[in-house]
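Single-letter residue listing:
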Amino acid sequence: MTYALRQMVVFGCIAAFMPLPALAQSAPPAPPVTVAKPVVRDVVDSDEFIGRFEPVDEVSVRSRVGGYLQEIHFQDGALVKQGDLLFVIDQRPFVTALNQAKATLESAQSALVFADAQYKRTQSLASSGSQSAQTLDDRRREFDSAEANVRGAQAAADRASLDMEYTEIKAPLSGRIDRRLISAGNLVQTDQTVLTTIVSLDPIDFYFDVDERRLLNFADTARKLGKDLQQGGGGLDVSVTISDPTAKPFKGKLDFAENRVDNESGTIRLRARFPNPELVLQPGLFGRIQVEASNTYQAILVPDEAIGSDQNERVVYVVAEDGTVSTKPVRPGPRLYGYRVIREGLDGTETIIVNGLMRARPGAKITPQMTELPKERQDAPPETVGAENGQ
């Protein structure tokens, strides 16, 4: 008999005479795992779309008069208010034109005074027969001509004064200004040269595209509110999240939809408006908007970290009364109140593992540590890409 065989016989004999409790003590205990009942509550489903923020108002600042740019009165990227002075065109040619127009007006007014006196004198003489009717008609014509000259001179003076005013280019709206696109000393062409741009920031609009199927759903919801979707669907509440995972969702209202579906893409563009008092949201920023898409119904909610993967399907680990673990395939839906909606697979009475999936195996036993999930979760992790589709 070899040495190895003798050792096996010896250990076999020892095990045969070892008490049963000693053998049981050698098995590892069932690992502790946190379990809970799913949250069951009334919810309203929401559809999610990707879109982009755009300013409510945007303007390209141009000059209404031509000339050489003399002064710049803002800092690049600053916040400006409506009426703030931005640029000044060289005013000397316009001062000269204004003075000339005023002089022409004064001359016309003087000629009018003389023509009026001549007309009145001739009118008095004609009444006594000292002047002919022809002369009276000539004086009347001269008076009317002088009066017309005054109106023309006044219009020229007003135009010169307006051009003088246009040499000071002011902000047409409040918002954030871009950098200067032209330096002082350059020639500015009337209504052509873009000097800078200004965009409004508060409130701010969010544009996104929806497909025909969900368009009909939104339109039906709007009709039930007694409104048209094109007029904002009755101010339907929406929320948008940005790429910053620490930022809370921003609340706004749907306020416009285009009047036709795009023939090529089969989508229609909608707009929501958001207050932006802290100027966090910027034009051009991407976001994900959630729009209510159904009536109230009772949903089953579980934490995202309670959902595992088994090949190409999503599963939840269910714990029986004796602590045995099994898996149930589920179909996840959107995320609401910090949880994931389970569309199929659970009825809400199950006990599921919510923390410690790595310590659980199907068919094995665990030591359940019961906890109660809050109705709304504030510490939910950022959205997982593809979670809704089970990817």
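Residues numbered from 1 in each chain as written. Predicted model: local features only at pLDDT ≥ 70, side-chain atom pairs only at ≥ 80, totals over all residues. Heavy atoms only, no water.

A. Spatial organisation of the sheet that holds strand β3 (residues 46–55). Read around the barrel, 6 strands follow the order β3-β12-β15-β14-β13-β16 and close on themselves; strand pairing throughout is antiparallel. Within the sheet, the average angular offset between the axes of one strand and its neighbour, ignoring direction, is 40°. As judged from the 8 bridges shared by strand β12 (residues 204–211) and strand β15 (residues 267–274), these two strands associate in the antiparallel manner. Considered in β15, the bridge of Asp211 is made with Thr267. (Pairing = 2+ DSSP bridges. Helix = DSSP H or I, 4+ residues; strand = E, 2+ residues; numbered from the N terminus. Axes fitted to C-alpha atoms, helices over the stretch in contact; angles between N-to-C directions.)

B. Examining the confidence of the model for the protein chain more closely. Mean pLDDT over the protein chain: 82, with 85% of residues reaching 70 or higher. Low pLDDT, under 50, characterises residues 7–11; the predicted model gives this stretch 0 contacts beyond four residues in sequence or across chains. Within the model, the stretch residues 13–17 combines pLDDT values under 50 with 0 contacts to residues more than four positions away or in other chains. (pLDDT = per-residue confidence, 0-100. Contact = heavy atoms within 4.5 Å.)

C. How the structure looks around the nonpolar core. Formed by 22 residues in total, the largest nonpolar core has its most connected members in Phe53, Phe208, Val210, Leu270, Phe274, Ile289 and Val291. When residues of this core are traced back to their parent elements, those giving at least two are β3, β12, α5 (212–224), β13 (237–241), β14 (250–257), β15 and β16 (286–292). Of all hydrophobic cores here, the second largest spans 20 residues; its members include Leu301, Val302, Ala306 and Ile352. (Core = buried A, V, L, I, M, F, W, Y, C linked by side-chain atoms within 4.5 Å. Buried < 20%, exposed > 50% of the residue type's maximum accessible area, 1.4 Å probe, protein only.)

D. Summary view of the pattern of salt bridges. The tally for this structure, following the rule as stated, stands at 13 salt bridges. Among the salt bridges present, the one from Asp163 reaches Arg159, with a minimum N-O distance of 3.4 Å. Here Arg159 and Asp163 lie together in helix α4 (residues 133–166), a separation of 4 residues that amounts to about one turn. For Arg159, a relative accessible area of 46% corresponds to the partly exposed category. When the shortest N-O distance is used, the salt bridge between Lys253 and Asp237 registers 2.6 Å. With a gap of 16 residues between them, Lys253 in strand β14 and Asp237 in strand β13 connect regions that are remote in the sequence. When its relative accessible area of 44% is taken as the criterion, Lys253 is described as partly exposed. Look at Asp237 and you get partly exposed, because its relative accessible area is 44%. (Salt bridge = Lys/Arg side-chain N within 4 Å of Asp/Glu carboxyl O.)

E. View of the environment of Ala157. Tracing the chain through its elements places Ala157 in helix α4. Along the backbone, Ala157 and Asn99 are 58 residues apart, and their C-alpha atoms lie at a distance of 8.3 Å. Apart from residues no more than four positions distant in its own chain, Ala157 is found in contact with Leu98, Ala101 and Leu105.

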